[in-house]
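# Coordinates in review
The primary structure of each chain is shown beneath.
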Amino acid sequence: MMLLLLSNTTRCNRAVAGLYDKLRERYPSLTEEELYICCFACVEGMRNMDISVILNISSVNMVQKKRSEIRKKTGMSSRGNFRNFFDKQLSKKITE
């Protein structure tokens, strides 16, 4: 499992210069799994089904639930688009 997590971190960071690290720094309350969901939703444009398979999450409904939890933790609107939200948030300085 650790190899999968490391490769996901590398994949996220390479897709957009340091995306995983930026998200982790900006949103320390997000779990590792939530960070990966953010990355795959933003960078890869993956559907919930794809994310559930890659991260070995039991169901698509569980991914939807986790996305809802991410929205609450980050202050995103309940129907907010992950890519648009994080593009805007991460363009701001991390220290804001």
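Everything in this summary refers to the structure shown in the same document. Throughout this description, residue numbers start from 1 for each chain and increase along the sequence as written. Per-residue local features are limited, in this predicted model, to residues with pLDDT of at least 70; the limit for side-chain atom pairs, both in listing and counting, is 80 or more; totals at the level of whole chains, interfaces and linings are taken over all residues. Excluded from the side-chain calculations are hydrogens and water; all other atoms, namely the structure's heavy atoms, are used.

## Here's the deal with the packing of aromatic side chains
Heads up, the rule is: The rule is short: rings of Phe, Tyr and Trp, with Trp giving its six-membered ring, pair when the centres are within 6.5 Å, and they are stacked under 30 degrees, edge-to-face over 60, tilted in between. Put simply, DSSP H or I for four residues or longer makes a helix, DSSP E for two residues or longer makes a strand, and each gets a number counted from the N terminus. Burial classes: relative accessible area under 20% of the type maximum marks a residue as buried, over 50% as exposed, and values in between as partly exposed (1.4 Å probe, protein chains only). A ring is scored as having a charge over it whenever the NZ atom of a lysine or the CZ atom of an arginine sits within 6 Å of its centre and within 35 degrees of its normal.
In this structure the tally under the stated criterion is four aromatic pairs. Between Y20 and Y36 the ring centres are 5.2 Å apart and the planes differ by 25°, which places this aromatic pair in the stacked class. In this pair, Y20 is assigned in helix α2 (residues 19–26) and Y36 in helix α3 (residues 32–44), connecting sequence segments 16 residues apart. Pair check on accessibility: Y20 and Y36 agree, each one buried. Plain terms: the ring middles of F85 and F86 are 5.1 Å apart, the flat faces sit at 80° to each other, and that makes the pair edge-to-face. Both residues of the pair, F85 and F86, belong to the buried class. In this structure an aromatic cluster arises from ring pairing among Y27, F82, F85 and F86. Looking at R67, its charged tip hangs above the ring of F82, at a distance of 4.3 Å from the centre.

## Details of the pattern of salt bridges
Short version of the rule: Salt bridges, as used here, are contacts in which a Lys or Arg side-chain nitrogen is within 4 Å of a carboxyl oxygen on Asp or Glu.
Applying the stated criterion to the full structure yields four salt bridges. Across the salt bridge formed by D21 and R24, the nearest N and O atoms sit 3.3 Å from each other. Of this pair, D21 and R24 both sit in helix α2, separated by three residues, roughly a single helical turn. The class for D21 is partly exposed, based on a relative accessible area of 34%.

## Examining the packing of helix α5 (residues 60–74) against helix α6 (residues 82–91)
Selection criterion: Whenever a helix is involved, its axis is fitted only over the stretch in contact; in every case the axis is a line through C-alpha atoms, and angles between N-to-C directions fall within 0 to 180 degrees. Throughout this description, any angle smaller than 35 degrees is read as roughly parallel, any larger than 145 degrees as roughly antiparallel, any in the 65 to 115 degree range as roughly perpendicular, and the remainder as oblique. Crossings are assigned a handedness: left-handed for a near helix turned anticlockwise from the far helix by less than a right angle, right-handed for a clockwise turn. Here, residues are in contact when the closest pair of their heavy atoms is within 4.5 Å.
For the pair α5 and α6, interaxial distance at closest approach is 12 Å and the crossing angle is 25°. Between α5 and α6, the interaxial angle falls into the category roughly parallel. The two elements α5 and α6 cross, and the hand of that crossing is left-handed. Mapping the contact onto sequence places R67, I70, R71 and T74 in α5 and F82, F85 and F86 in α6.

## Comments concerning the nonpolar core
Grouped burial of nonpolar side chains is what soluble globular proteins tend to show. In plain terms, the rule: What makes a nonpolar core is a set of buried Ala, Val, Leu, Ile, Met, Phe, Trp, Tyr and Cys residues whose side-chain atoms join them at distances within 4.5 Å.
Grouped together as the largest cluster of nonpolar side chains are 25 residues, with contacts concentrated most on L23, I51, F82 and F86. Where this core is concerned, the elements lending two or more residues are α2, α3, α5 and α6. For this core, the leading source of residues is α3, giving nine residues. The contact partners of F86, leaving out residues within four places of it in the chain, are L23, Y27, C38, C42, I70, T74 and M76.

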